[in-house]
Amino acid sequence: MLQKVWNFCHTLRDDGLGYGDYLEQLTFLLFLKMADEYVTGVHQAKKSAIPEGLDWASLRNRSGMELEEQYLRILHELGRQSGMLGAIFFKAQNKIQDPAKLYRLIQLIDAESWLEMGTDVKGDLYEGLLQKNAEDTKSGAGQYFTPRPLIRAMVECVRPLPMKTIADPACGTGGFFLAAYDWLTKFRGEPLNNREQKFLRFNTFHGWEIVPNTRRLCLMNLVLHNIGSMEAEPTIRRDDALLSAPGELFDYVLANPPFGKKSSMTFTTDAGEDDRESLVYQRQDFWETTSNKQLNFLQHIRTMLKPGGQAAVVLPDNVLFEGGAGEKIRRKLLEKCDVHTILRLPTGIFYANGVKANVVFFDNHADDGTVRTSGTWFYDLRTNQHFTLKTRPMKYEDLQDFIRCYNPENRYQREISERFRFFSVEELLSRDKASLDVFWLKDKSLDSLENLPEPEILAQEIVEHLEAALENFRAVAGGLARNSHEIS
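If you're wondering where the values come from, they're calculated on a predicted model, not measured in any experiment. (Residues numbered from 1 in each chain as written. Predicted model: local features only at pLDDT ≥ 70, side-chain atom pairs only at ≥ 80, totals over all residues. Heavy atoms only, no water.)

Novice: Run through helix α6 (residues 99-110), naming residues and quoting values.
Specialist: Spacing of three or four residues puts side chains on the same side of an α-helix, whose turn is 3.6 residues. Counted at 1.5 Å a residue, the expected span for α6 with its 12 residues is 16 Å, and the 16 Å between its end C-alpha atoms agrees. By the burial criterion, the buried members of α6 are Pro-99, Lys-101, Leu-102, Leu-105, Ile-106, Leu-108 and Ile-109. (Helix = DSSP H or I, 4+ residues; strand = E, 2+ residues; numbered from the N terminus. Expected span 1.5 Å × (residues − 1). Buried < 20%, exposed > 50% of the residue type's maximum accessible area, 1.4 Å probe, protein only.)

Below you can see the structure in the form of structure tokens.
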């Protein structure tokens, strides 16, 4: 079924419609079809959330220009509604210029009974479409798609409990929520009672996504996985999470904030130039004021947690070693929170090129003047590891040793191994700039040419290293330019 739905995209690409646009149009039509099934199928007692005349039936029997005009009317009118309807159809546009192809897509969707499909079937279908979209490097959608094996491993280490809240301040298409949902319903090993099931569906997940199209994909992804409902108010907010304090505290935060240090907002300076780098968030609850978006997300996530709340966050290397505000924030984090585990991730696993990242696990604590981190365990999954997205993608099995070393059942009982080492907080604080950029394994490829990876993997690693260096040079150049402007 996945291939059947996806193949139709190739027809639409002839008209210049990209993967992302196709997925967006599919979302609109799927929502309308499922809403129709609620009132025409076995769920006839339900009242449709779609106003009469703007529903699936109004599209099914139209064709040509009449179909195109009706579709445009539906998108416009539903985008003005409140609740989930308004969220899904916010600023919706018709990107399918050929009415005949729109008609074919409607017939393709109409031929299936989506509500009768198992949650796993339709959920996996949509997740598959999101992954295919992420693989299209030209669309840029990969920045919203965290590798699912990594997400699953992070969730299995944190092991969220029922009746607890889970938040993601940059939730993309909802990958962390789905993995947590699967953990609670499939892998935890204990069935949920009715009260726990209801809480899981409507109260557990809270997210922020600043990009409207990505937010709508996330909402649809959750609905197809039986999280929330077509009638409920969305718990995914269309907002920049960094603008203000969260307003409520959560038990868990699982997140992969967007890569890159620049702000997501652009404005024009007095000199008439676009400026993104110098935007800072003036937050009284932040330890430091900085334009580094990654450091701001780290500070924000700490403010989101209840005392005793747990976080697992994907962060780039610069957060671990950067000086200035970075050093001050790291020292505060080690003091106020228990930064107990850091997973050093390999390159070649993200759709954004040149990324060197880590997963930082920490627990929040009430401020009582004591240093909360006694020491940090580091797992090196980077040295002598070689992954590429196409020829050697990272799989869940590649993270099994890390999960075993993490020991989720009792992380206070751990054992040192070749890739797993403990460093006391005194050692970490005494390092230059309190750097957490810790490594100890020797790169075997430096000893012998026989240990070099395959040529295509080596070439990809060289590209990624160069792109990472280029990004760092851009940041330095931007800083020098701003300093020069301020002096003049």
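Novice: Before we move on, could you go through the pairing of strand β8 (residues 337-344) and cite the residues and values that matter?
Specialist: Along β8, eight of the eight residues are buried, which leaves the element largely enclosed by surrounding structure. In terms of strand pairing, β8 meets strand β9 (residues 357-364) through seven bridges, oriented antiparallel. Paired with Asp-338 across the two strands is Asp-363, which belongs to β9. Here β8 pairs with strand β10 (residues 375-380) via four bridges, running parallel. Looking at the pairing, Ile-342 lines up with Phe-378 of β10. (Pairing = 2+ DSSP bridges.)

Novice: Give me the environment of Ala-357: which residues, what numbers.
Specialist: With respect to the secondary-structure elements, Ala-357 resides in strand β9. For Ala-357, a relative accessible area of 1% gives the class buried. Once the C-alpha coordinates of Ala-357 and Leu-345 are considered, the two residues, 12 residues apart in sequence, prove to be 5.6 Å apart. When sequence neighbours within four positions are dropped, the list of residues in contact with Ala-357 reads Phe-259, Val-314, Leu-315, Pro-316, Asp-317, Leu-343, Arg-344, Leu-345, Phe-350 and Arg-382. (Contact = heavy atoms within 4.5 Å.)

Novice: Tell me about empty space enclosed by the protein, and please be specific about residues and values.
Specialist: Taken as a whole, this structure holds one cavity of 30 Å³ or more when the rule is applied. By volume, the largest cavity is sized at about 50 Å³. Surrounding the largest cavity, Leu-298, Leu-315, Val-319, Leu-320, Arg-330, Leu-333, Val-360 and Leu-436 form its lining. (1 Å grid on protein atoms, 1.4 Å probe; cavity = no way out; pocket = protein on both sides within 12 Å on 5 of 7 lines; lining within 4 Å. Points joined across faces, edges and corners; volume = space filled by probe spheres on them.)

Novice: Account for the sheet that holds β10, with residues named and values stated.
Specialist: The strand order across the open sheet built from nine strands is β3-β2-β1-β4-β7-β9-β8-β10-β11, with neighbouring strands paired in mixed fashion. Only two strands of the sheet have a single partner each, and these edge strands are β3 (236-237) and β11 (420-424). Pairing of strand β2 (residues 205-208) with β3, which is carried by two bridges, proceeds in the parallel orientation. Residue pairing across strands places Trp-208 opposite Arg-237, the latter belonging to β3. Contacts from helix α14 (residues 325-336) reach β8, β9 and β10 within the one sheet, and its direction differs from that of β8 by about 120°. (Axes fitted to C-alpha atoms, helices over the stretch in contact; angles between N-to-C directions.)

Novice: Hey, could you go over the environment of Cys-337 for me, with residue numbers and the actual values?
Specialist: Assignment of secondary structure puts Cys-337 in strand β8. When neighbours within four sequence positions are excluded, Cys-337 is seen to be in contact with Arg-302, Lys-332, Phe-362, Asp-363, Asn-364, Arg-372 and Thr-373.

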